[in-house]
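Notes for the structure review
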Amino acid sequence: MDRLPLPLEGITVVAVEQAVAAPFATRQLADLGARVIKVERIDGGDFARGYDTAAGGLASHFVWCNRGKESIALDLKDPRGLDVVRRLVADADVFVQNLAHGAASRLGLDAATLCAAHPRLVAVDISGYGAWGPYADKRAYDMLVQCEAGLVSVTGTPEQPVKAGIPAADIAAAMYAFSGVLAALVRRGTTGRGGPVEVSMLEALAEWLGHPLHHTMHGGTPPERTGLAHAVIAPYDAYPTADGGRVLLSVQNDREWRRLAEQVIGRPELGADPAFATNAARVAHRARTDDLVGTALKALDTDEALARLEAAGIACARLRDLHELAGHPQLAARDRWREVGSPVGPLRALLPPITLPGGDEARMGDVPALGQHTEALLRAVGMTDAEIAALRRDGVAAWARA
């Protein structure tokens with residue numbers, strides 16, 4: 001049987017994007033076969049290019065979110081630069097933007113305007129708080145939205161709330177923009193019409209807060225911050241081992257507790273002890289429960305602790321750092337690592353988690369230099385040599401440095 005092509009082969013995306021939310025969304029589209037044209041500022045491009053130099057001199061955020069794209073650098077304040085974008089959009093299937101509130105409308109690049117001019121276009125507006133309402137004009141960086149959405153209030157220890165260690169608000173918005181584009185393309189396939197897609201970071205992250213939000217609204221009290229422990233299950237926490245590691249285990253029912261007591265703690269009588277026999281009792285006596293489990297595990301090295309827990313049928317995990325994730329045996333066994341090209345040479349990257357067996361592998365293209373494709377794209381929209389030379393001379397378009 002012939003292999004299936006990537007599902008977005010033949011789809012062209014134009015993105016006026018920056019930071020994480022829109023670039024991460026359009027990278028998903030590129031991985032699935034879409035052609036993604038990234039429009040960047042001429043003075044430094046997407047500002048995520050300057051966040052750090054950790055990826056061989058490139059910014060780690062930028063490498064993560066922008067492989068497989070073509071970069072064109074334009075001054076959109078100049079009518080000639082804006083005209084190039086409009087020409088690109090005229091031949092595109094999807095347009096995505098996450099400019100500051102009001103900026104896309106002033107340029108005529110908001111979803112409503114573009115979809116009115118191009119009925120088959122799917123146009124996505126990604127914002128911090130939505131197009132209207134009292135917060136519409138507020139700056140909306142990831143950690144600010146984590147605070148506004150209440151994520152920080154349920155993450156951390158009893159003493160200290162903390163932000164998530166990843167840009168959760170950006171990622172949430174990106175994934176809803178990605179799925180929104182796919183849904184709109186399916187609808188276009190049946191109706192012939194595209195249409196606007198709106199995603200706000202606050203609303204995306206609020207959806208992800210569903211469990212603690214419903215717990216609070218309907219139960220009356222927010223879940224407590226418990227660090228790595230579970231607020232309503234015990235034992236469900238990380239415990240140190242003899243060799244300096246930490247093992248997280250989860251006991252989901254009383255049968256598992258009896259197996260843990262007998263096969264790991266070495267005290268089978270705890271399985272019937274009224275202070276520990278039920279989850280409610282273990283939660284009520286959490287400190288004593290944790291002490292029993294912690295004492296047993298700190299006498300074992302990490303590998304032995306995990307082996308005993310596995311043998312007893314107890315869910316468990318090794319607490320890994322990011323170096324250990326990069327060398328994770330499961331990712332290696334499943335051949336999840338590839339190399340992508342970049343201006344500084346090949347870089348390791350994970351295959352995207354959407355796997356389509358029987359089809360082509362995800363397209364993991366190069367990370368582009370700023371303006372790397374400017375000249376080719378200007379020619380593609382019909383610019384003459386003289387027009388291209390004038391754009392470059394006047395600073396309306398920029399090329400990648402040789």
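From a predicted model like this one, the values you see are computed outputs, not experimental measurements.

Digging into the sheet that holds strand 5 (residues 122-127)
Reading across the sheet, the 7 strands line up as 6-5-4-1-2-3-12 and stay open at both edges, with mixed pairing between neighbours. With partners counted over all chains shown, the strands left at the sheet margins are strand 6 (195-200) and strand 12 (397-398), one partner each. Note that strand 4 (residues 94-97) and strand 5 share 4 bridges and pair parallel. Opposite F95, over in strand 5, you have A123 as the bridge partner. With respect to the sheet, helix 8 (residues 201-208) is in contact with strand 5 and strand 6, its orientation differing from that of strand 6 by roughly 65°.

Some thoughts on the pairing of strand 8 (residues 246-250)
Of all 5 residues that make up strand 8, 4 are buried, and the element is covered over most of its length. Here strand 7 (residues 236-240) runs beside strand 8; their pairing, made up of 5 bridges, is antiparallel. Opposite D237, over in strand 8, you have L249 as the bridge partner. Here strand 7 hands over to strand 8 after 5 residues, with G244 in that stretch at a positive phi of 90°. Here strand 8 pairs with strand 9 (residues 315-318) via 4 bridges, running antiparallel. From the neighbouring strand, L248 faces strand 9, where its bridge partner is A317.

Remarks on the packing of aromatic side chains
Within this structure, the stated rule accounts for 4 aromatic pairs. A centroid spacing of 4.8 Å and a plane angle of 40° characterise the contact between F24 and W64, whose relative ring orientation is tilted. Of the two residues, F24 is situated in helix 1 (residues 21-31) and W64 in helix 2 (residues 60-65); the sequence distance between them amounts to 40 residues. By relative accessible area, F24 is classed as buried at 10%. On the basis of relative accessible area, W64 is assigned to the partly exposed category, the value being 28%. Judged by centre distance (5.4 Å) and plane angle (70°), the rings of Y129 and Y135 are edge-to-face.

Regarding helix 12 (residues 286-297)
Here helix 12 spans 16 Å end to end across 12 residues, near enough to the 16 Å set by a 1.5 Å rise per residue. For helix 12, the full list of buried residues reads R286, T289, D290, L292, V293, G294, A296 and L297. Next to the buried residues of helix 12 lie strand 7, strand 8, helix 10 (254-265), helix 11 (279-284) and helix 13 (302-311).

Considering the packing of helix 7 (residues 168-191) against helix 8
Contact geometry for helix 7 and helix 8: axes closest at 8 Å, N-to-C directions at 95°. Judged by the angle between their axes, helix 7 and helix 8 are roughly perpendicular. Of the residues in helix 8, those in contact with A168, A169, D170, I171, A172, A173 and Y176 of helix 7 are M201, A204, L205, E207 and W208. A class-by-class count of the residues in the contact of helix 7 with helix 8 yields 10 nonpolar, no polar and 2 charged.

Brief notes about empty space enclosed by the protein
As enumerated under the stated definition, the model contains 1 cavity of 30 Å³ or more in all. What the largest cavity holds in volume is close to 40 Å³. Around the largest cavity, the lining residues are Q28, D31, L32, F178, P352 and I354. In the lining of the largest cavity, the residues fall into 4 nonpolar, 1 polar and 1 charged.

Reading the values: the criteria
- Residues numbered from 1 in each chain as written.
- Predicted model: local features only at pLDDT ≥ 70, side-chain atom pairs only at ≥ 80, totals over all residues.
- Heavy atoms only, no water.
- Pairing = 2+ DSSP bridges.
- Helix = DSSP H or I, 4+ residues; strand = E, 2+ residues; numbered from the N terminus.
- Contact = heavy atoms within 4.5 Å.
- Axes fitted to C-alpha atoms, helices over the stretch in contact; angles between N-to-C directions.
- Buried < 20%, exposed > 50% of the residue type's maximum accessible area, 1.4 Å probe, protein only.
- Phe/Tyr/Trp six-rings, centres within 6.5 Å; stacked < 30°, edge-to-face > 60°.
- Expected span 1.5 Å × (residues − 1).
- Parallel < 35°, antiparallel > 145°, perpendicular 65-115°, else oblique.
- Nonpolar A, V, L, I, M, F, W, Y, C, P; charged D, E, K, R; others polar.
- 1 Å grid on protein atoms, 1.4 Å probe; cavity = no way out; pocket = protein on both sides within 12 Å on 5 of 7 lines; lining within 4 Å.
- Points joined across faces, edges and corners; volume = space filled by probe spheres on them.

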